[in-house]
Structure formats: structure tokens, C-alpha cells
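# Breakdown of the fold
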Amino acid sequence: MQPSEAVNKHPVSPTGFDTGMGEQIVDVLVATKFGKSLCYLNKTGQALEPGELVRVPLGKQVITGIIIGEGVDSGDFKLREIKGRIDDTCKIPAELLELIFWTARYYHSPVGQVLSTALPKSLLDGKPAKAQANPAWRVCDNSDPRIKSTPKQQQLLDWLANREIASTTQDILAAGFGRHLLKALRDKGLVQAFSQTPKSTELTAQPALSPGPEQSRALNSIQNHDGPFLLQGVTGSGKTEVYLQVAQQILEAGKQVLFLVPEIGLITQMLERLNARFNLPILGYHSATSESGKVACWHQSAGSQPVVVVGTRSSIFLPFSNLGLIVIDEEQDLSYKQFEGVRYNARDLALIRAQKTGAKLILGSATPSLESLYNCERGHYQLLKLNERAGKKSMPSWRLVQANTTTSMPVSSQVLKHIDHELSQGGQVLIFLNRRGYAPKLVCTNCAWSAMCLACDSQMCIHQQPSALVCHRCDGRLSVPKTCPCCGSEKLETRGVGTEQLELFLGNSFPQIPCLRIDRDSTQRKNAFSEKLDQLKSGTPALLIGTQMITKGHHLPGISLVVALGTDSALFSHDFRAIEHLTQSLTQVAGRSGRGERAGQILVETSQPDHPLLEQLCKDSYEQISRKLLESRKRYNLPPAGHSAALHASSIDLRAVNQFMSELEHCLQSATVQHIGPMPSIIERKAGRYRYQIRFFAKTRSELHAAMAKLENRIAQLKGFSKIRWAIDIDPLTMD
């Protein structure tokens, strides 16, 4: 995505067409998978304008829509009447409406489906985004100790008790707690609302840190140029402080700020830093936010006052009225891409939205994507560098360690010695293994049976907490058999290592040391993620085992040693992006170490210690490696030097999906667009559906989009394939 590719605006008429009888015909975009708008008659007696949310009949349903302009009575059908306006106070700004249409065109998705993606569920259900009272809350000191609370209520009580600043209703909702929990605790007399002392009229609650020379140069460039900016800073270099100081300038100008982070686990610490720095509303917006919390955030972002929102990818669709800054932290992360429904990339939409609003855009990372580095090379982004860690701390050293080949231990004896030494010196150790569960395979050594998912072409992983066979593709679950279902033998064994097994092994190896595990299974409870990280703040020796969730963004000054396990598969992947992603992951997780008093080190356990890439990682910087990878992409015209798309199709009937794909073959021939396929997806069968794909590659974006438009037209002409699910994926980031 390049700044010069901002697309034509969808024309939005300022007023509806008056029939002359006190009626108004308006064009309404309905929030369904429908690909076009519909005309309705407005007899409400209130003039409706573009951007207003309304309830309209569609078939036998009443659904949400948005006024996009004036309508025309063609005379072919009797116009149906609008039921009413949803919200008098919340209007979608014209630039966001234009972004919705841009998203539909660029990603070849129905525009109504994009609107459904953009709106919170409560608005889709027709509930207004009204502003609500926002008192502060505290735990009652004299509550009756005999009163019991539920586990979720106790979580909220603990959260309130541990907060260093007053917590308003919006703070509580943004943290993921529901309004019903607050009401239940209030009714039990366990919490009470109180009149909070108004925040200082000063914007900042604490002074900004004094920037270093590199930070000062970056701040000066951002202040005096339009951007977009790529802030490439080594781990621990102070990128967040740059974000905060730019945000302060924007907020002082009365504008609004959006911080995008790739994962929910990174939101809490960003909220804490922003709340500590600024005396104004700091809101969170993500999938775990309650509906009332989302509506509160929607309402405040639509207001005229300065506000800061920290959110995941969906927050790019919030209706900011005066957006002045968008920050995309860890911009290289795959989580900014939506892999189902409308397959948008929030990083690219942020670029378009910044162009439409005039907001500054900062993309930050220690390991920028090749797409962003390519945009810098071509002059589309301004590259700003932070090459030194804050406090002149040294970067972690790298070392390769031979993996076990003769023993069944989850880690090698050499790694264990390093862990033991680091713990004995008072350090903390992070062990990175991107494989949750106890083991990835359960096999019979008598007949070679292995536990396969009944609905997917994939192995079922064995979990012990609780005991189950789990498919990590469709989340299917089976009980763990005591004997082989095929031959009846009791010779069942696990193969491979997951985070549960590693936790058990290291807990037994170092029984006096706290051993914490962070993965999707261990952090399902609200605030479990941040609570586990808080246990490391004491700085005492500890072991932290984690998946991809802990590789980036977290400041863990006690970590002095990182051990990376199970990374060899990426060295032999079919995906041309695998080496880029592996380099980013290892560089990021290495950067969790050496941020405190002790020097940092990463050990990469591998069965391929002589592999050229791993040797290169030990001696070269990410910048050097990424430059070589980018030259290779240019040589073969692969993204970002070229452009790509994919057609995905699936069905419960294998013959049907094959026939669907074969019907498209004759329209795939092109002199300018190459294609691979039709072919099965890497995991051919998932959740009971057979999955096929076609990959497209082109030198120019215009040629690629023309080919996708032709493909869409051909699919629209096909008959008898209503049960086929298909989607076009523009700029896909994986090969599955």
C-alpha cells in the first residue's frame, strides 16, 4: 500500500430528495452482505442527512443502515419507509463513510458487509450510542465480610483495589468488565460510586521524559513534516516515549489520537502509560470490551473533545470527529490483517484514513515489515531511526544451541545449564515456544495410529489442563483415549512439546522458582495476562514460558535470558514470507532481555545450527537481513515489489468446490497476471469444509484489481453454487 494510491471518493450528497409532499427519498447502505445501497422513503418528519444511522425494513427484517445521499424513485417498486433514526447524537463523518466505500472497492467485499464490520453490535441491533453517566468507583472499606461474590465479581474487586488512580465507569468497561458486574457489586454494598475530584486543567499529569539525541531528531522530523513516518527503533530504544510526546502536541491542539496495537495483551500497559501521562479520557476498544464499553468509546470518539483511544484493528473504524494522530505500534504484526469476512489490513486503512483526515501517521517497530521498508525506499514513507537502547544499554547477544536428538527432555541439557546459571545469578528467564498444549501429537507405537481431527486434515494436540484432545484449527475436542482406537494397544505416546509440558518439566527442574505460563489457554480469565506479568515486577528469579503473545511490546526489565524453542519448521516452510516472520519473531523476543541491570542473551535451540539464516541472525542486524530479503523479493517480483491476491473457496462437498474452481479456469488467462492453481489449501479440510485456492501475482496493482473484477463478474454469472463460500483476499499475508 502506497500513499499515492488513495482512491476516488464515493460521492455523498448533502441532502435527500424532497418529493414535494413533505417526504424525502434517501439512499441507504444496509449493514448486510448486500453489495449495493437501497432507496427508502422518509416520512418521519425529520430531515435525514448523510452519515445518520437509521432502522429500515429489508425483507421480513428490520436492520441498521446509514444514509449515504439522496435517492431516486425509479417507479419499478413501491418504496418502503424508514422506521426511524437510531441515534440523534452519533453521526458517521463523511471521511469514515468514504473509507467504508474505499475498503469495499479495494478488498472486493460487499459494501454492506464492510459497514457491518465497522459498527459495534449494539448499533447493528439498533441501540443508540447515548452518553451515560461516568462516576468513579471504589471498594467499600466497611463492607460485610460475610457477603460472597462470584469469581468474576471478585476479579473486578481485585482490579479496583489494585488501581493506583480513580477508576471511572468507562475505565472499568474499557478493561473488559461488564456494567452488570458493577451493578451487582454496588447492590451488595461492596463498591460505591463517588464524586471524583476533577482532573487538573493541565493536559499532562506528569512531565515528559527528556528525549535522547535520536528521539529529539525523530520528534523534530514528525513536528515539521507531514509523513507518513516509519519509526524503526531497536527494542528498548524509547519508541513509546516518542509516541507520547507527539500525542501531547496533537492533544494540545485540541485533536484526537488513536493508538493501534496488534493484540489485546498489549492494551493494558499502554492504557496505564497514557493514564499516567495525560489528564483526559483514555479509552480501550477491542473484542473483549463489553458492548456498553464499545458504545461509550464510539460516543466519545464522535464528540468534539480531545480523547485517546487504544485499540486493536477494528478501532480504525471509530467515528473520530477531529483525528490528529494515528500510531500503529508493532506495524509488522499479522494481527492487523483480518483473515475472515472483510479481509482488510488495519495498517493500510490507517494510511488511507490519515490521508482523508489530515492526521499524522506513525508506524513503529523494531522489525518493520518489508512492505513498509519498501515504501521508505521509494520515498512514500519517511524513515526515522532509533539505533540505541535507552540508557545506553547493550543489545542482547545471540547463541545457537544444538537441540536434543537422543533424549526425550523438552530442552537440551546445555539450555538447562544456562537457565540454572541465570537463575542463580538473580536473573529471570523467558522461554519462547509457539505451541500451546501438552504435546502436538498422540500416537500408537504398535500400529502407527495418530489422533487426527474428525473435521480437519490436522493432528489433534493433547492438553492436560483440562485433559482433552484439541484441534487447534477448528477447536474440536475429544476425550483422551486410554487404548488405541485402531488396534486396542495401550502403547500410546506423545510426540513433541507444548507449553504445558514445558511448564511441568521446568517446574520440576527448578522447584524453588516461580514458573509462569502465558498462552491463550492460561490467560482466558480477565486480567490473567497482566496479573502474570505483574508477578515479574519484583525482579526476583522467575521462569516465564510463553507463545507469540509475549514476543513483542512488553517491558520486562528482569529478563536477562531468552530461550527460543521449536523454530526450525520456518526454515523449510512453503511460504516465501516465513523467513521474514521468523527473523521478526526471534529479534522481537530477544529484545525482551537486557532491559534492566543485567546484560541480555538469547539462546536459539535448533537441530540446524549450521543453517545460514540462523548464523546470519547471530551476527547481522535485522536491518541488514531485511535488506537482503527485500532484494530477493525484487528479483522474483514478489510482494512488496509485486502485488498478489488469492481466491479462497470452500464447501462440505469436495466435488462441488472442484467444479466451482474449474468453471473459473477460462477467465484466469492473462498476459499481465500470473496465477497458481486451483489447488488445495495447505490444510485442505477444515471444520468439515474442503478448501481450495488460486494465487494471483501481478507487477502492478491496477492489473491485479482488473483481474479480480473480471473474476468477480464471472462468479456472479455462475448458477448452482449457492452453497460455496468464496472470498477474494487482496494482499494476503499467509499461503493457507
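Residues numbered from 1 in each chain as written. Predicted model: local features only at pLDDT ≥ 70, side-chain atom pairs only at ≥ 80, totals over all residues. Heavy atoms only, no water.

### Quick look at unusual backbone geometry
Geometrically, the link from proline 639 to proline 640 is a cis peptide bond, its omega value of 10° lying close to zero. With respect to the secondary-structure elements, proline 640 resides in the loop between α18 (622-635) and β28 (643-651). (Helix = DSSP H or I, 4+ residues; strand = E, 2+ residues; numbered from the N terminus.)

### Comments concerning the pairing of strand β21 (residues 467-470)
Looking along a regular strand, one sees the side chains alternate between the two faces of the sheet. Sheet analysis places strand β20 (residues 461-464) next to β21, joined by four bridges and oriented antiparallel. Bridge assignment links histidine 463 to a residue of β21, and that residue is alanine 468. Taking the residues between adjacent antiparallel strands as the criterion, β20 and β21 are bridged by two residues. (Pairing = 2+ DSSP bridges.)

### Focus on the sheet that holds β21
Two strands in a sheet stick together by hydrogen bonds in their backbones, pointing the same way (parallel) or opposite ways (antiparallel). Strand order in this open sheet of three strands is β20-β21-β22, and the pairing throughout is antiparallel. Of all the strands in the sheet, just β20 and β22 (477-478) have a single pairing partner and so form its edges. Here β21 runs beside β22; their pairing, made up of two bridges, is antiparallel. Each residue of the ladder has a partner; that of leucine 469, found in β22, is leucine 478.

### Regarding the packing of helix α4 (residues 151-162) against helix α6 (residues 179-187)
Two elements in contact, α4 and α6, have axes whose closest approach is 10 Å; the angle formed by their N-to-C orientations is 85°. Judged by the inter-axis angle, α4 sits roughly perpendicular to α6. Contacts between α4 and α6 involve Lys152, Gln153, Leu156 and Leu157 on the former and, on the latter, Leu181, Leu182, Ala184 and Leu185. (Axes fitted to C-alpha atoms, helices over the stretch in contact; angles between N-to-C directions. Parallel < 35°, antiparallel > 145°, perpendicular 65-115°, else oblique. Contact = heavy atoms within 4.5 Å.)

### Some points on the sheet that holds strand β16 (residues 382-386)
The parallel open sheet is built from seven strands, whose spatial order is β12-β13-β11-β14-β15-β10-β16. Here the strands that pair on one side only, and so sit at the sheet edges, are β12 (282-285) and β16. Averaged over all neighbouring strand pairs, the angle between strand axes comes to 20°, with direction disregarded. Pairing between strand β10 (residues 229-233) and strand β15 (residues 360-365): four bridges, direction parallel. Each residue of the ladder has a partner; that of leucine 231, found in β15, is glycine 364. Contacts from helix α12 (residues 370-377) reach β10, β15 and β16, with the element oriented near 120° to β10.

### Notes on the nonpolar core
The biggest cluster of nonpolar side chains holds 112 residues, and the ones touching the most others in it are Ile316, Ile326, Phe696 and Leu711. Per element, the largest residue contribution to this core is eight residues, and it comes from helix α1 (residues 94-106). Beyond its immediate stretch of four places on either side in the chain, leucine 711 contacts Leu647, Leu664, Cys667, Leu668, Phe696 and Ile728. (Core = buried A, V, L, I, M, F, W, Y, C linked by side-chain atoms within 4.5 Å. Buried < 20%, exposed > 50% of the residue type's maximum accessible area, 1.4 Å probe, protein only.)

### Some remarks on the confidence of the model for the protein
Confidence along the protein averages 89 in pLDDT terms, with 95% of residues attaining 70 or more. Counting contacts from residues 3-17, a segment whose pLDDT is below 50, to residues more than four positions away or on other chains yields 45 contacts. (pLDDT = per-residue confidence, 0-100.)

### Considering the side chain of serine 681
Inspection of the secondary structure puts serine 681 in strand β29 (residues 673-686). Beyond its immediate stretch of four places on either side in the chain, serine 681 contacts Arg691, Tyr692, Gln693 and Asp736.

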